[in-house]
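Residues per chain, in single letters:
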Amino acid sequence: MKKHLLSIDDVTTDDIATLFETAAEMHDVQRRQVKKLPALRGRTIINLFFEDSTRTRSSFEIAGKWLSADTINITGKGSSASKGESLRDTVRTIAAMGVDAVVMRHAASGSALQVSQWIDAAVINAGDGTHEHPSQALLDAYTLQRSLGSLEGRHVVLVGDLTHSRVFRSNVLCLTKLGAQVTVVAPPTLMPSGVDAWSKQVGFATSYDLDAVLLSADAVMMLRVQRERMSGGYFPSAREYTVGYGLTRDRLATLGGEVPICHPGPMNRGLEIAADAADAAQSLVLDQVSAGLAVRMSILNHLLAGEGSNND
Ligand code: NCD
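In this report, we go over the structure that sits alongside the text. Just so it is clear, the structure is predicted and the values come from calculations on it, not from any experiment.

Thresholds applied
Residues numbered from 1 in each chain as written. Predicted model: local features only at pLDDT ≥ 70, side-chain atom pairs only at ≥ 80, totals over all residues. Heavy atoms only, no water. Buried < 20%, exposed > 50% of the residue type's maximum accessible area, 1.4 Å probe, protein only. Helix = DSSP H or I, 4+ residues; strand = E, 2+ residues; numbered from the N terminus. Pairing = 2+ DSSP bridges. Near = heavy atom within 4 Å. Polar contact = N/O pair within 3.5 Å; in protein donor to acceptor, adjacent residues only side chain to side chain. Areas by Shrake-Rupley, 256 points an atom, 1.4 Å probe, with all protein chains shown as cover. Nonpolar A, V, L, I, M, F, W, Y, C, P; charged D, E, K, R; others polar. Domains from an automatic or database assignment. Core = buried A, V, L, I, M, F, W, Y, C linked by side-chain atoms within 4.5 Å. Contact = heavy atoms within 4.5 Å. Phe/Tyr/Trp six-rings, centres within 6.5 Å; stacked < 30°, edge-to-face > 60°.

### Here we look at the pairing of strand β5 (residues 155-159)
Burial analysis of β5 places five of its five residues in the buried class, the great majority of the element. By the bridge criterion, five bridges tie β5 to strand β6 (residues 181-185) in an arrangement that is parallel. Looking at β6, one finds that Leu158 is bridged to Val184. Bridging between β5 and strand β8 (residues 219-222) involves four bridges; their strand directions are parallel. Within β8, the residue paired with Val157 across the bridge is Val220.

### Section: the site of the ligand
Within the structure, the ligand sits among Arg55, Thr56, Arg105, His133, Gln136, Arg166, Val167, Arg224, Gln226, Pro264, Gly265 and Pro266. A distance of 2.8 Å separates an oxygen atom of the ligand from a polar atom in the side chain of His133. Within the backbone of Gly265, a nitrogen or oxygen atom sits 3.0 Å from a nitrogen atom of the ligand. Expressed as a share of its isolated accessible area of 320 Å², the protein-covered part of the ligand is 95%. Among the elements of the structure, α2 (55-66) and α6 (166-177) are those that each provide at least two residues to the shell around the ligand. Across the shell around the ligand, the residue classes break down as three nonpolar, five polar and four charged. Built from parts of two domains, the shell around the ligand gets at least three residues from each of domain 1 (8-133 + 289-304) and domain 2 (134-285).

### Section: the nonpolar core
Ranked by internal contacts, the top residues of the largest apolar core, which has 87 residues, are Leu138, Leu144, Leu158, Phe168 and Leu175. When residues in this core are grouped by element, the largest group, nine residues, is from helix α12 (residues 285-304). Composition of this core by domain shows at least three residues from each of domain 1 (8-133 + 289-304) and domain 2 (134-285). Beyond its immediate stretch of four places on either side in the chain, Leu175 contacts Ala141, Leu144, Leu151, Val156, Leu158, Ala180 and Val182. Counting 14 residues, the second largest nonpolar core, distinct from the first, contains Val91, Ile94, Met104 and Val123.

### What about the packing of aromatic side chains?
Under the criterion given, the structure shown has six aromatic pairs. Ring geometry for Phe168 and Trp198: centres 5.9 Å apart, planes at 85°, overall edge-to-face. Placement of Phe168 in helix α6 and of Trp198 in helix α7 (residues 195-202) is noted, with a sequence separation of 30 residues between them. When its relative accessible area of 23% is taken as the criterion, Trp198 is described as partly exposed. On the basis of an interplanar angle of 45° and a centroid distance of 5.0 Å, the ring pair of Phe235 and Tyr241 is categorised as tilted. Connected via pairs of aromatic rings, a cluster forms that spans Phe168, Trp198 and Phe204.

What follows is the structure, encoded as C-alpha cells:
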C-alpha cells in the first residue's frame, strides 16, 4: 500500500483484497464485548474535519480507538481556521506535534493531496470537495461484496446528485476495479460535465432513464441531493426530482425484494429515497455503517501498523 489514501487510484486490486481480508477480521472484533486491539498503541491520529460529518468522523475516531491509537478531533468551527489561519499553517502546526496520521475532510477538491505534500504524516482523504471519498467507496464495495458475493460482472446502479458527489467518483473507480458493471443515473442538470470522456476512460455507463436501468440492476446505490453545494436551480421542484430519480415505493416494488439498496447517508427521506426503501429488508444502509468501522480499522492498520508503514 502507498503511504497515503487520497484516491481509489492509490490502491490496487490486490490492496483492496488485502484491506477487505483484514476488514473481515475487524468485523469479528466488532462483535466482541471487549473490542480493543493493541495494533496502533502509541500512534496518534488527528481527525481534521472542516466540513460537517456524523458517520465518517465518528467511524474513524472509533476505529482508531479500537486499535488503541490516540485520536483527537479538530473541526473547522472552533479551530484557528475560523481566526483566518491558512490550511497550510494549521496542518503544519498539527504535524509539528508529531502525529502519525491526519484524516481530513475539506470543501476544496484536491486539498488532501495538497496536505500530503506539506507534512510527513500519512494523510487519509475523508472527502475533499466534490472530488473523492475513498474510504466510503471501500466500505460500500465491501458491503456489496458481502451481500452479492463477487462483484465481477454484477450491475451496480448509482443514482443521484452526481455533480456534487465525491462518493460517486470514488465508487465508480472502486467498483469497476472490482469488475462490476456500473451505470450512473442523474437528471441532465446533475450529470457532471466531462462525464462522457471520463466514463469511456474508466469504463462505466451513464443514463437519464432510471426506470430502464433498474430493470437489470443487481444493486442500487442512492446518493444524496447535496443542497448545501447548490447555488442555482438544478431541478424545478423536489417533487419533480423524486418522480424522475427517487427510489419511490413504486420503484421499490418493481425492483423486487432481493436487490440490495445502499445509501452512504445522510439520507433525504422522501426526496431521493422513500422511507419504505430506506427501511426495507434489503436496505444495507446500517450494514454500510458497521462495515465502515471495520474497513476504516483495516485502512488505519495497513497505513500505520508494523512493517511497511511510512514507506511510499
Ligand atoms: C457523504 C459525503 O460526505 O461525501 N457522506 C458520507 O461520508 N457518509 C455523502 C453525502 O454527504 O451525501
